[in-house]
Amino acid sequence: MWTDLKAPSLADMEAMAHEMFERLPDHFRTMCEGVVIRVDDFPTEEVLDEMEAESEFDLLGLFQGTGLPFRSNDDLPRLPNMIWLYRRPILDYWAEHDESLGHIVRHVLIHEIGHHFGMSDDDMTAIEAAVD
């Protein structure tokens, strides 16, 4: 059994992230109307600099964009909202903690969206509990 196991690919993790996103409460997903979920091995150098990260393993994910509650009719067309998950830092975190990979991916999704909208940690914990 162990000889066939390997870390999920970028495509596998992206599929997992989409599945986890679809399980989130409707009102929470609505805030991210049209969100694009992407997985990359690591954040770009620009993102690391902007976030003042010390290591490429410091960021598990990132929300980029303007959520539905912050848009106005006067806004110029913009790129779609994006949630980035960083595969290698997530796998590193998974290896060091006693949590399932799916739980970690869901947690990162909720927290990236929640922090972007100014939600408290208690609000995000409640959303996670509603999905369990």
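We now turn to the structure provided with this report.

So, how was this worked out
- Per chain, the residues get numbers from 1 upward, laid out in the order the sequence is written.
- Under the rules for a predicted model, residues below a pLDDT of 70 receive no local features and side-chain atom pairs below 80 are neither given nor counted, while totals for whole chains, interfaces and linings still include all residues.
- Think of the side-chain values as coming from all heavy atoms in the structure, minus any hydrogens and water.
- Exposure is judged per residue with a 1.4 Å probe applied to protein chains only, and the accessible area is read against the type maximum: over 50% gives exposed, under 20% gives buried, and values in between give partly exposed.
- In this description a helix means any DSSP run of H or I spanning at least four residues, a strand means any run of E spanning at least two, and both kinds are numbered starting from the N terminus.
- Contact criterion: two residues are considered in contact whenever any of their non-hydrogen atoms come within 4.5 Å of each other.
- We call a set of buried Ala, Val, Leu, Ile, Met, Phe, Trp, Tyr and Cys residues a nonpolar core when their side-chain atoms join them within 4.5 Å.
- A pairing counts as a salt bridge when a side-chain nitrogen of Lys or Arg comes within 4 Å of a carboxyl oxygen of Asp or Glu.

Topic: helix 4 (residues 87–96)
Thinking step 1. What helix 4 keeps buried is the set Arg87, Pro89, Ile90 and Leu91.
Thinking step 2. Elements in contact with the buried residues of helix 4: helix 1 (10–23), strand 1 (36–40), strand 3 (82–86) and helix 5 (101–116).

Side note on the nonpolar core
Thinking step 1. With 29 residues, the main nonpolar core has Phe21, Phe28, Ile83, Leu85, Val105, Leu109 and Ile113 as its most contacted residues.
Thinking step 2. Looking at this core, the elements with two or more residues in it are helix 1, strand 1, strand 3, helix 4, helix 5 and helix 6 (121–131).
Thinking step 3. Counting residues per element, this core draws most heavily on helix 5, at seven residues.
Thinking step 4. Counting seven residues, the second largest nonpolar core, distinct from the first, contains Val47, Leu48, Leu59 and Tyr86.

What about unusual backbone geometry?
Most of the time, phi is negative for any residue but glycine, and the peptide bond is trans.
Thinking step 1. The residue glutamate 52 is not glycine, and still its phi comes out positive at about 55°.
Thinking step 2. Along the chain, glutamate 52 turns up in the loop between helix 3 (45–50) and strand 2 (61–64).
Thinking step 3. Given a relative accessible area of 70%, glutamate 52 falls into the exposed group.

Focus on the pattern of salt bridges
Thinking step 1. Counting across every chain of the model gives four salt bridges.
Thinking step 2. Put simply, aspartate 26 and arginine 29 hold a salt bridge, and the shortest N to O gap is 2.2 Å. Residue aspartate 26 and its partner arginine 29 are located together in helix 2 (residues 26–30), separated by three residues, close to a single helical turn.
Thinking step 3. On the accessibility criterion, aspartate 26 (54% relative accessible area) is exposed.
Thinking step 4. The closest approach of N and O atoms between aspartate 41 and arginine 87, which form a salt bridge, is 2.6 Å. Residue aspartate 41 is located in the loop between strand 1 and helix 3, and its partner arginine 87 is located in helix 4; the two are separated by 46 residues in the primary sequence.
Thinking step 5. Look at arginine 87 and you get buried, because its relative accessible area is 14%.

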